[in-house]
Amino acid sequence: MSPIFYAIPVFVVLIALEMAIAHRRGLRVYSLQDTLTSLNIGVVSQFVNTLGGLIGVGIYAIVTERWGAFTWDTSHPMTWLTALVLYDFCYYWFHRLSHEVNILWAAHVVHHSSEEYNLSTALRQSSTGFLTHWMFYMPLALLGIPVKVFVIVGLVDLVYQFWVHTRLVGRLGWLEWVLVTPSNHRVHHGQNDYCIDRNYGGLLIVWDRLFGTMADERDDEPPVYGIRKPLHSWNPVWANLHQYASVFRQLARSPGWGQKLGALLASPGSARPGTTPPVVFAPSAFQRFATPAPLGMAMLGAACTAMGTGLLMHFLWFQSQWSLGERSAYAAGMVVFYLTAGALWLHPRVTGQPKG
Ligand SMILES: [Zn+2]
Ligand SMILES: [Zn+2]
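Residues numbered from 1 in each chain as written. Chains lettered and ligands numbered in written order. Predicted model: local features only at pLDDT ≥ 70, side-chain atom pairs only at ≥ 80, totals over all residues. Heavy atoms only, no water.

## Here we look at the overall build of the protein chain
Along the backbone of the protein chain there are 14 helices and 0 strands. For the protein chain, whose C-alpha radius of gyration is 20 Å, the value lies close to the compact-globule estimate of 21 Å for 356 residues. For the protein chain, the spread of C-alpha atoms along the three principal axes comes to 60 × 50 × 45 Å. When the 356 residues of the protein chain are sorted by exposure, 49% land in the buried category. Accessible surface computed for the protein chain: about 16900 Å², of which carbon and sulfur atoms make up 69%. (Helix = DSSP H or I, 4+ residues; strand = E, 2+ residues; numbered from the N terminus. Rg over C-alpha atoms; globule rule 2.2 N^0.38 Å. Buried < 20%, exposed > 50% of the residue type's maximum accessible area, 1.4 Å probe, protein only. Areas by Shrake-Rupley, 256 points an atom, 1.4 Å probe, with all protein chains shown as cover.)

## Digging into the coordination of the zinc ion (ligand 1)
At the metal site, the zinc ion (ligand 1) is ligated by His95 (NE2), His99 (NE2), His108 (NE2), His112 (NE2) and His188 (NE2), and these contacts range over 2.1 to 2.2 Å. Sequence spacing of the donor residues for the zinc ion (ligand 1), all on one chain, is H-x3-H-x8-H-x3-H-x75-H. (Donors = N, O, S within 2.8 Å, 3.2 Å for Na, K, Ca; no water.)

## A short note on the coordination of the zinc ion (ligand 2)
For a metal with four donors in a tetrahedral arrangement, the ideal angle between donors is 109.5 degrees, while six donors in an octahedron ideally sit at 90 or 180 degrees. The coordination sphere of the zinc ion (ligand 2), as far as protein atoms go, consists of His111 (NE2), His165 (NE2), His185 (NE2) and His189 (NE2), spread over 2.1 Å. Donor residues for the zinc ion (ligand 2) sit on one chain with the sequence pattern H-x53-H-x19-H-x3-H. Between the zinc ion (ligand 2) and the zinc ion (ligand 1) there is a metal-metal distance of 5.8 Å. Pair noted here: histidine 165 is in the loop between helix H7 (147-160) and helix H8 (182-188) and histidine 189 is in the loop between H8 and helix H9 (206-211), with a separation of 24 residues, a long-range link. The same class applies to histidine 165 and to histidine 189, which are both buried.

## With respect to the pattern of salt bridges
Taken as a whole and judged by the stated rule, the model has 10 salt bridges. The residue arginine 96 makes a salt bridge to glutamate 100 at a minimum N-O spacing of 3.2 Å. One end of the pair, arginine 96, and the other, glutamate 100, are both in helix H3 (residues 77-100), 4 residues apart, so they sit about a helical turn from each other. Of the residues examined, arginine 96 reaches a relative accessible area of 17% and is grouped as buried. Of the charged contacts in the structure, one is a salt bridge between arginine 288 and glutamate 116, with a shortest N-O distance of 3.4 Å. On the criterion of sequence distance, the pair formed by arginine 288 in the loop between helix H11 (256-265) and helix H12 (295-318) and glutamate 116 in the loop between helix H4 (102-108) and helix H5 (130-133) is long-range, its members being 172 residues apart. A relative accessible area of 32% places arginine 288 in the partly exposed class. (Salt bridge = Lys/Arg side-chain N within 4 Å of Asp/Glu carboxyl O.)

## Thoughts on the packing of helix H2 (residues 32-67) against H7
Two elements in contact, H2 and H7, have axes separated by 9 Å at closest approach and are oriented at 140 degrees. By the angle between their directions, the pair H2 and H7 is classed as oblique. Taken as a pair, H2 and H7 cross one another with a handedness that is right-handed. In this structure, H2 contributes Val57, Tyr60 and Ala61 to the contact, and H7 contributes Val147, Phe150 and Val151. (Axes fitted to C-alpha atoms, helices over the stretch in contact; angles between N-to-C directions. Parallel < 35°, antiparallel > 145°, perpendicular 65-115°, else oblique. Left-handed = near helix turned anticlockwise from the far one by under 90°. Contact = heavy atoms within 4.5 Å.)

## Let's talk about the packing of aromatic side chains
Enumeration over the complete set of coordinates arrives at 26 aromatic pairs. With a centroid separation of 4.9 Å and an interplanar angle of 15 degrees, the aromatic rings of tyrosine 117 and tyrosine 225 are classed as stacked. With tyrosine 117 in the loop between H4 and H5 and tyrosine 225 in the loop between H9 and helix H10 (236-253), this pair connects stretches of sequence that are 108 residues apart. There is no split in this pair, since tyrosine 117 and tyrosine 225 are both buried. Here the aromatic cluster, defined as three or more aromatic residues joined through ring pairs, consists of Phe89, Tyr92, Trp93, Tyr200, Trp207 and Phe211. (Phe/Tyr/Trp six-rings, centres within 6.5 Å; stacked < 30°, edge-to-face > 60°.)

## Thoughts on a nonpolar patch on the surface
On the surface, Val10, Leu14, Leu17 and Ile21 cluster together into a nonpolar patch covering about 310 Å² of accessible area. Along the chain, valine 10 turns up in helix H1 (residues 3-25). You can call valine 10 partly exposed: its relative accessible area is 46%. (Patch = residues over 30% accessible without salt bridge, like charges linked within 9 Å, V, L, I, M, F, W, Y side chains within 5 Å.)

## Things to note about the confidence of the model for the protein chain
Here the protein chain averages 91 in pLDDT, and 94% of its residues register 70 or above. Segment residues 349-356 is flagged for pLDDT under 50; beyond a separation of four residues in sequence, or across chains, it makes 18 contacts in the model. (pLDDT = per-residue confidence, 0-100.)

## Considerations on the environment of threonine 340
Among the secondary structure elements, threonine 340 is positioned in helix H13 (residues 324-344). Once the C-alpha coordinates of threonine 340 and valine 237 are considered, the two residues, 103 residues apart in sequence, prove to be 9.2 Å apart. A distance of 2.6 Å separates a polar atom in the side chain of threonine 340 from the backbone oxygen of valine 336. (Polar contact = N/O pair within 3.5 Å; in protein donor to acceptor, adjacent residues only side chain to side chain.)

## A look at the environment of serine 126
Relative to the elements of secondary structure, serine 126 occurs in the loop between H4 and H5. The buried category is assigned to serine 126, whose relative accessible area is 15%. Sequence separation of serine 126 and glycine 42 is 84 residues, and the distance between their C-alpha atoms is 8.1 Å. With residues near it in sequence (within four places) discarded, serine 126 still touches Ser45, Asn49, Ala107, Val110 and Asn240.

## Focus on the nonpolar core
In terms of nonpolar packing, the biggest core is built from 30 residues, with Tyr60, Tyr87, Tyr137 and Leu140 touching the most fellow members. Going through the elements one at a time, H2, H3, helix H6 (138-142) and H7 are the ones with two or more residues in this core. Broken down by element, the residue count for this core peaks at 7 residues, all from H3. Ignoring anything within four residues of it in the chain, the contact list for leucine 140 reads Tyr60, Ala83, Leu86, Tyr87, Cys90, Ile145 and Phe150. (Core = buried A, V, L, I, M, F, W, Y, C linked by side-chain atoms within 4.5 Å.)

Right under this line is the structure:
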């Protein structure tokens, strides 16, 4: 049984709690379409990653079995602690390059596509990151860290990051020096100049301090959340693909293989021949993407998300009894469902034009 099955109800309760606390404090932290889109992206990513993740885990298992240098005692707490710290170090580099290399940014951008920042934003996980994610953990495999330990510390590292996606928790004193916290991760999601390419840590912020990518949250200029090239869509599948479309357009424009490779590996913010230069960001001029949400549309959207979540739990509960073909067909069906639902019900072309 996937631990995510048990995590889903906990996530839902914590999101409801955050909504209630924000409401009592008179803060506007959630908006309907954004929240539904975040949840839909999370559901799609679970369907895809439950299967796609098998590729990385399989390769990891082969490498550690054949070339693993050391034997690790899984009954010793130090094994787990060491593995967690090493995993987090590899995560730092995976995450950093996911921001600094065009083709990797295409997979990660979905996590940053929300212009809100709340616990539901944490669930905006990539559906394509599994293609390259495993490569960054090969040092752990070569050290012989068992696949079971790799998978569990990976889940710990990921689940830890859920709670930091909130605006309701301020700075946390000395913990800001050691851990990824709501404050320093808010900076990571900001599109202000001082936020770009900062605070890549997953569990520990010490890596950012060591490698010079740390920035503190500024009270005089709070982060404005989102991405410089805004998504402007509520479609969970397009949210995963829109930057790939942009990279492929860049590839098509680049003459010769050298330039095509350069386009894949370039920094996402760099200006290339035929592309627009980086945008100058003015926080006060920023307008959030918003479209009308009439009651019927809102209820249909919410029902769609609730149904998708229910089907995900059904999938996670029974999938171990099904063949790979059956699981793949189920997951593919859900992707098509979300592609259609996103296009028909929550897409601005139907619900109205975006502001700004
Ligand atoms: Zn990121
Ligand atoms: Zn995040």
